[in-house]
Amino acid sequence: MNAKKRILSGMRPTGPLHLGNFHGALANWIAMQDEFECFFFIADWHALTSDYEDTSSIAGYVEQMVIDWLSVGLSPEKCTLFVQSKVPEHAELYLLLSMITPVPWLERNPTYKDQMVQLKNKDLSTFGFLGYPVLQAADIIIYKARGVPVGIDQVPHVEITREIARRFNNLYGEVFPEPEAILTETPKILGLDRRKMSKSYHNAIYLADSPPDVRRKVMQMITDPQRKRRNDPGDPEICNVFSFHKMYSDKQVIENCARQCQSAEIGCVECKQLMCEGLLRTLEPIHAKQQYYRQNPELVKQIIEQGSSKARKVARQTMDQVRRAIRIDY
Ligand code: TRP
Ligand code: SF4
């Protein structure tokens with residue numbers, strides 16, 4: 001018996017990971033590896049809910065995501081890393097849960113309503129898109145996970161998961177524990193343009209960006225917007241470059257930059273160069289591991305096959321119980 005509390009979380013393979021993902025979800029996952037029994041997976045079927053028309057990038061994004069996860073320090077020895085579509089039991093549970101999920105629960109899901117408005121260029125009037133939270137519920141409860149580390153935007157989905165689990169238990173008998181959301185802190189750094197760092201805003205620095213790309217992007221960063229000229233004093237506390245300094249620079253550099261910014265002794269270009277050195281120092285070991293895994297695709301494949309087959313064992317056990325509970329077990 002594993003005495004550790006089991007947690008589970010997933011990411012859709014929608015593109016390479018950036019610093020926002022790294023300091024948000026991933027840092028949280030890495031910190032939880034020792035304390036919890038962790039299941040982390042790539043939600044490739046969920047990517048299809050909005051990107052079903054052009055599926056050409058998904059396979060590449062899945063592979064890249066596994067490499068990024070391994071490169072930032074998620075360990076296949078400590079956690080079960082897997083891909084959703086390699087555990088087809090998720091789909092079976094999803095189907096069964098869909099039988100008991102009232103459509104109004106899905107229609108009033110805030111994410112559903114938001115995305116409908118935001119992604120106007122895509123036809124999201126599909127069954128699969130409406131059913132997104134049912135698939136997510138299946139992902140979570142098939143492992144009887146107690147905790148789900150997610151960002152605040154995912155809390156409604158965990159809430160629907162609890163409601164579905166409760167309804168299942170009421171109808172067929174106690175099978176599923178109700179999972180709880182474990183909130184991920186939002187990273188304090190912003191994108192190049194001071195908006196939230198996001199792939200869709202084109203303001204992100206990626207874990208896979210080459211050093212010259214990182215330098216170029218850092219030079220584009222918006223600093224203290226009030227500091228128009230080199231001789232104007234700046235305010236580090238409202239400057240995103242300074243937020244990066246706090247994450248990546250040594251104490252001495254941070255103190256010097258803060259002081260010299262306020263007295264206009266340092267210009268933003270020089271300040272950015274100093275920060276960039278710290279950032280690249282952090283990225284260096286990640287890049288080395290990315291390169292190692294890229295050169296060993298068989299190893300990456302093997303890690304995912306092993307993780308998925310471990311996950312599948314657990315999922316199969318739950319499905320035996322589920323079929324018995326519903327009496328579709330002949
Ligand atoms: N919906 C989540 C997101 O977009 C991804 C996801 C799918 C997930 N299934 C999950 C997260 C199960 C946690 C648990 O971020
Ligand atoms: Fe920001 Fe540095 Fe420029 Fe000050 S000197 S505004 S901290 S980039």
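Residues numbered from 1 in each chain as written. Chains lettered and ligands numbered in written order. Predicted model: local features only at pLDDT ≥ 70, side-chain atom pairs only at ≥ 80, totals over all residues. Heavy atoms only, no water.

Peer 1: Pulling in residues and values, what's your account of the pairing of strand β3 (residues 79–83)?
Peer 2: The buried fraction of β3 is high, at 5 of 5 residues. Side chains of β3 alternate between two faces, with C79, L81 and V83 and T80 and F82 buried alike. Both strand β2 (residues 37–42) and β3 contribute to a ladder of 5 bridges, which runs parallel. The residue of β3 that forms the bridge with F39 is T80. (Buried < 20%, exposed > 50% of the residue type's maximum accessible area, 1.4 Å probe, protein only. Helix = DSSP H or I, 4+ residues; strand = E, 2+ residues; numbered from the N terminus. Pairing = 2+ DSSP bridges.)

Peer 1: Describe the site of ligand 1, listing the residues and the values that go with them.
Peer 2: Contacts to ligand 1 come from 14 residues, most closely from R12, Y132, Q136, D139 and Q154. One nitrogen or oxygen atom from the side chain of Q136 is found 3.0 Å from a nitrogen atom belonging to ligand 1. A total of 360 Å² of accessible area belongs to ligand 1 in isolation, and the protein chains cover 92% of it. Secondary-structure elements contributing two or more residues to the shell around ligand 1 are β1 (6–11), α8 (132–141) and β4 (147–150). Considered class by class, the residues forming the shell around ligand 1 number 7 nonpolar, 5 polar and 2 charged. (Near = heavy atom within 4 Å. Polar contact = N/O pair within 3.5 Å; in protein donor to acceptor, adjacent residues only side chain to side chain. Areas by Shrake-Rupley, 256 points an atom, 1.4 Å probe, with all protein chains shown as cover. Nonpolar A, V, L, I, M, F, W, Y, C, P; charged D, E, K, R; others polar.)

Peer 1: Quick rundown of the site of ligand 2? Include the residues and the values.
Peer 2: Taken together, the neighbourhood of ligand 2 is formed by T223, D224, R227, C239, V241, F242, C261, C268 and C271. A molecule is said to occupy a pocket when more than half its atoms come within 2 Å of that pocket's grid points, and by this definition ligand 2 occupies the largest cavity. Counting only elements with at least two residues in the shell around ligand 2, the list comes to α11 (240–248) and α13 (268–295). Its residues assigned to classes, the shell around ligand 2 comprises 6 nonpolar, 1 polar and 2 charged. (1 Å grid on protein atoms, 1.4 Å probe; cavity = no way out; pocket = protein on both sides within 12 Å on 5 of 7 lines; lining within 4 Å. Sits in = over half its atoms within 2 Å of the grid points.)

Peer 1: So what about the domain arrangement of the chain? Which residues, and what values?
Peer 2: What the domain assignment reports for the chain is domain 1 (6–189 + 297–326) and domain 2 (211–290). Centre-to-centre, using C-alpha coordinates, domain 1 lies 36 Å away from domain 2. Of the residues lining the interface, 10 residues belong to domain 1; the matching set on domain 2 comes to 10 residues. Each partner contributes to the roughly 840 Å² buried at the junction of domain 1 and domain 2, and carbon and sulfur atoms together form 69% of this total. Looking at the side of domain 1 facing domain 2, the largest losses of area belong to L19, S71 and I189, adding up to 55% of the total buried there. Our count for the domain 1 to domain 2 interface comes out at 0 salt bridges. Here domain 1 and domain 2 share 3 residue pairs in polar contact (both at pLDDT 80 or more) between them. Looking at the side of domain 1 that touches domain 2, the elements with two or more residues in it are α1 (19–32) and α3 (58–72). (Domains from an automatic or database assignment. Contact = heavy atoms within 4.5 Å. Buried area = accessible area lost by both parts, 1.4 Å probe. Salt bridge = Lys/Arg side-chain N within 4 Å of Asp/Glu carboxyl O.)

Peer 1: A description of the packing of aromatic side chains should follow, citing residues and the corresponding values.
Peer 2: Inspection of every chain in the model, using the stated rule, returns 11 aromatic pairs. Taking the centre distance of 5.3 Å and the plane angle of 20 degrees together, the rings of F41 and F82 count as stacked. Here the residue F41 occupies a position in strand β2, and F82 occupies one in strand β3, the gap between them amounting to 41 residues. An identical accessibility class is assigned to F41 and F82; each is buried. (Phe/Tyr/Trp six-rings, centres within 6.5 Å; stacked < 30°, edge-to-face > 60°.)

Peer 1: Please set out the nonpolar core residue by residue, giving values where relevant.
Peer 2: Core analysis: the biggest nonpolar cluster contains 56 residues, and L19, L26, F40, W69, F244 and L279 have the highest contact counts within it. Composition of this core by domain shows at least three residues from each of domain 1 (6–189 + 297–326) and domain 2 (211–290). Those residues in contact with L279 that sit more than four places away from it in its chain are L19, I205, V214, V218, F244 and Y248. In terms of nonpolar packing, the next biggest core, distinct from the first, is built from 40 residues, A145, V148, I164 and A315 among them. (Core = buried A, V, L, I, M, F, W, Y, C linked by side-chain atoms within 4.5 Å.)

Peer 1: Describe in detail the environment of D250, supporting the description with residues and values.
Peer 2: By the secondary structure assignment, D250 is in the loop between α11 and α12 (251–262). Overall, D250 belongs to the partly exposed group, its relative accessible area being 43%.

Peer 1: I'd like to hear about the environment of S98, residue by residue, with values.
Peer 2: Along the chain, the position of S98 falls in helix α4 (residues 89–100). Residues S98 and P133, spaced 35 residues apart in sequence, show a C-alpha to C-alpha distance of 10.0 Å. There is a polar contact of 2.6 Å between the side chain of S98 and the backbone oxygen of L95.

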